[in-house]
Amino acid sequence: MPSGDNRRVCLLTGAGGVLGDAFCRAFHTRYDIVAVCRTRTPAAPSQEEWFIDPLEPSKPLPDNDSRVFVVRADLTRDGEVERVVDLALAKFGAVDLLVNNAGHARMQPRGIVDGDAALDQFDPHFALNVGVPLRLSARLAQRCWLHSDADNRARNRNIVNVSSISGSRVYPGGQAVYAASKAALDQLTRHLAAEFAEFGVRANAIAPNSFPALVPTEQVAAAVAELDAGDMTGGVYSVGVPDAATGQHARTVAERPG
């Protein structure tokens, strides 16, 4: 069951990446985090390390009370999504927040028709950026949420998909396949929201500008927590995108139309 004071349980993919690491470091004392990573682990306390006071080795330390639960997995391999869901449910009993953050991004700066680079990248992009969020959402619904309407609403359970502003705008640099996968993720989010509303689970997406180059990663991580704490569903929200009229950045989460 959730540890501490009945904290929310978060299943986070891409935990070893820039955003996943920032989320774990910022929120490991707020959530019980199942930190799914392929190779790199987040720079937050986990079950793989234990802190001791060298002067008082037997003294309990507060750092050991809020450790993320690291799970290593290649989510594009058969059966790995199901294994991760089973581990999360075995450890904590339920999941309140699913953050689909793991992503694949390879650009084709010479264009779609220059060689086979773009064609070869279609399957990797859609497998991780769209297929894994779909499978994780479906498996969690089937194994945890589907017949728990009252608990889902009481716990405000929800999904936050990490998309990109590239999903709605055309940028140079060979982003066609990546952008198409993020546009598909945006539309998947809307359908998840519509279908999962029946049993009280929300779904939204954030579509940040490039981080950390153009927007602080911590701001993007905060946007995930903001959506989790709210009551919105079915939206795709920009993060760190300047207002067209003023050129100023809006609040942490700003709804993107369409």
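Please refer to the structure higher up on the page.
Residues numbered from 1 in each chain as written. Predicted model: local features only at pLDDT ≥ 70, side-chain atom pairs only at ≥ 80, totals over all residues. Heavy atoms only, no water.

Caption draft 1: Quick look at the overall build of the chain. The number of helices and strands found in the chain is six helices and eight strands. Mapped in sequence order, the helices and strands of the chain form the string β-α-β-β-α-β-α-α-β-α-β-α-β-β. For a compact globule of 258 residues, the expected C-alpha radius of gyration is about 18 Å, and the chain comes in at 19 Å, within 12% of that figure. Its C-alpha atoms put the chain at 60 × 45 × 45 Å along the principal axes. Expressed as a percentage of the 258 residues in the chain, the buried residues total 51%. Long-range contacts, defined here as pairs at least 24 residues apart, represent 67% of the contacts in the chain between residues at least 6 apart. As displayed, the chain has an accessible area near 12,500 Å², and 54% of this comes from carbon and sulfur atoms. In the chain, 26 side chains carry a positive charge and 30 a negative one; their mean positions are 1 Å apart. (Helix = DSSP H or I, 4+ residues; strand = E, 2+ residues; numbered from the N terminus. Rg over C-alpha atoms; globule rule 2.2 N^0.38 Å. Buried < 20%, exposed > 50% of the residue type's maximum accessible area, 1.4 Å probe, protein only. Contact = heavy atoms within 4.5 Å. Areas by Shrake-Rupley, 256 points an atom, 1.4 Å probe, with all protein chains shown as cover. Lys, Arg positive; Asp, Glu negative; His and termini not counted. Charge placed at Lys NZ, Arg CZ, Asp CG, Glu CD.)

Caption draft 2: Here's a closer look at unusual backbone geometry. Between F211 and the following residue, P212, the backbone shows a cis peptide bond with an omega angle of 5°. Here P212 lies in the loop between β6 (202-208) and α6 (217-229). Of note, N156 is a non-glycine position whose phi angle comes to about 55°, a positive value. Positionally, N156 belongs in the loop between α4 (149-154) and β5 (158-162).

Caption draft 3: A look at the pattern of salt bridges. Within this structure, the stated rule accounts for 12 salt bridges. E82 is the salt-bridge partner of R135, the closest N and O atoms lying 3.0 Å from each other. A residue pair is termed long-range when its members are at least 10 positions apart, and R135 in helix α3 (residues 117-145) and E82 in helix α2 (residues 80-92) qualify at 53 residues. Within the structure, one salt-bridge network assembled from shared partners comprises E82, R135 and R139. (Salt bridge = Lys/Arg side-chain N within 4 Å of Asp/Glu carboxyl O.)

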